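# Survey of secondary and tertiary structure
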Amino acid sequence: MNASLWCACLAVLSVMVTGETVVNDCQLVGEVEKKTSAVEKDLLARLAPLKHKRFETKVLEGSDTYTYTFVVCGRVTNTSNDGLVQTKAGSKDIAVIGRINETHILNGTDWILLTYKGGDKYDTHCGSEPRKAMVMISCNKNTLAENFMIITEERNKSTECFYLFEMDSSVACPTEVPHLSVGSVLLIVFAVLVAVYIIGGFLYQRFGVGAKGMEQFPNISFWQEFGNLVADGCDLVCRSRPRPRSSDTAYRGVGDDQLGEEPEERDDHLLPM
Ligand SMILES: *[C@@H]1O[C@H](CO)[C@@H](O)[C@H](O)[C@H]1NC(C)=O
Ligand SMILES: *[C@@H]1O[C@H](CO)[C@@H](O)[C@H](O)[C@H]1NC(C)=O
């Protein structure tokens, strides 16, 4: 027998000995009978960006600190499909709260609830049923995943107890179909037309007519005239005080001339005031 066959045999044997089926991902109810829910499968696909990410939260209860470790569709330690685990500081006690081979998942408009069942059994509480972890993932557009926290541990019921956690993530946000309003479509069309007009006109003026400098701008004389008309119109409509008298303009003209000739001495002109 060659080496690879040996390896395969050993793998099969070890699975038979430990009695553990190898699970590499969240497993939904009905996977064996091929009767899984299509919605659950869809939702698991949405969690894909978080897959195998690990989160931790600490909580103080009395004098004990508990740490909860959560892995999205992966194992915390490398055994027994443990997807959410509780450890107690300064102690070797480990309790598996939920396992990824018993995953359930459901959603609403802006949240996804991921449940791992099949955790370690309670000693006395809750009719000694297996523990169960529920992680409420709420929509937060600004983060892929953060704020993993425990909300509560319910273990005072006779059955159906649970550990409830929460987390923020963008994967829980409703998928938006981007749509443009009529106004923005019109604006874009207008901007494109203006760009085509300017670029096309520029190319025509430059290469068709052979214009230089400002003359390359399409219909330059029209637009200059148009600009003057607009300025006149605005002058008429917007001005609240009469136009500055022509003597003011003349005075300013003199000043401008001087500035033009001796720009360095501008300060000297102002200083006496
Ligand atoms: C899940 O995995 C655990 C540990 O490997 C095993 O004991 C349990 O039977 C499995 N549950 C299911 C539903 O396969
Ligand atoms: C739940 O998730 C599914 C799959 O992604 C989606 O099609 C559906 O619209 C979601 N339900 C709600 C209420 O948003």
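Right, let's walk through the structure included here. (Residues numbered from 1 in each chain as written. Chains lettered and ligands numbered in written order. Predicted model: local features only at pLDDT ≥ 70, side-chain atom pairs only at ≥ 80, totals over all residues. Heavy atoms only, no water.)

Taken together, the residues surrounding ligand 2 are Asp42, Leu43, Arg46, Asn107, Gly108 and Thr109. At 3.0 Å from an oxygen atom of ligand 2 is found a side-chain nitrogen or oxygen belonging to Arg46. Between Asn107 and ligand 2, the recorded distance is 2.3 Å, taken from a side-chain N or O atom to an oxygen atom. Protein chains bury 52% of the 350 Å² of accessible surface belonging to ligand 2 in isolation. Within the residue set of the shell around ligand 2, elements represented by two or more residues are helix H2 (38–46) and strand E4 (94–108). The element that contributes the greatest number of residues to the shell around ligand 2 is H2, accounting for 3 residues. (Near = heavy atom within 4 Å. Polar contact = N/O pair within 3.5 Å; in protein donor to acceptor, adjacent residues only side chain to side chain. Areas by Shrake-Rupley, 256 points an atom, 1.4 Å probe, with all protein chains shown as cover. Helix = DSSP H or I, 4+ residues; strand = E, 2+ residues; numbered from the N terminus.)

What follows concerns unusual backbone geometry. Notably, Lys34 is not glycine yet its phi reads approximately 55 degrees, a positive angle. Structurally, Lys34 is set in the loop between helix H1 (3–18) and H2. One non-glycine residue, Asn81, adopts positive backbone phi at about 55 degrees. Using a relative accessible area of 4% as the deciding quantity, one classes Asn81 as buried. (Buried < 20%, exposed > 50% of the residue type's maximum accessible area, 1.4 Å probe, protein only.)

A few words now on the side chain of Asp168. Counting through the fold element by element, Asp168 comes out in strand E8 (residues 162–169). Of the side chains with opposite charge, Lys141 lies nearest to the buried Asp168, which makes no salt bridge, at 13 Å. Within the structure, Asp168 has its side chain in polar contact with the side chain of Asn147 (distance 3.0 Å). When neighbours within four sequence positions are excluded, Asp168 is seen to be in contact with Ser138, Asn140, Thr143, Leu144, Ala145, Glu146 and Asn147. (Lys, Arg positive; Asp, Glu negative; His and termini not counted. Salt bridge = Lys/Arg side-chain N within 4 Å of Asp/Glu carboxyl O. Contact = heavy atoms within 4.5 Å.)

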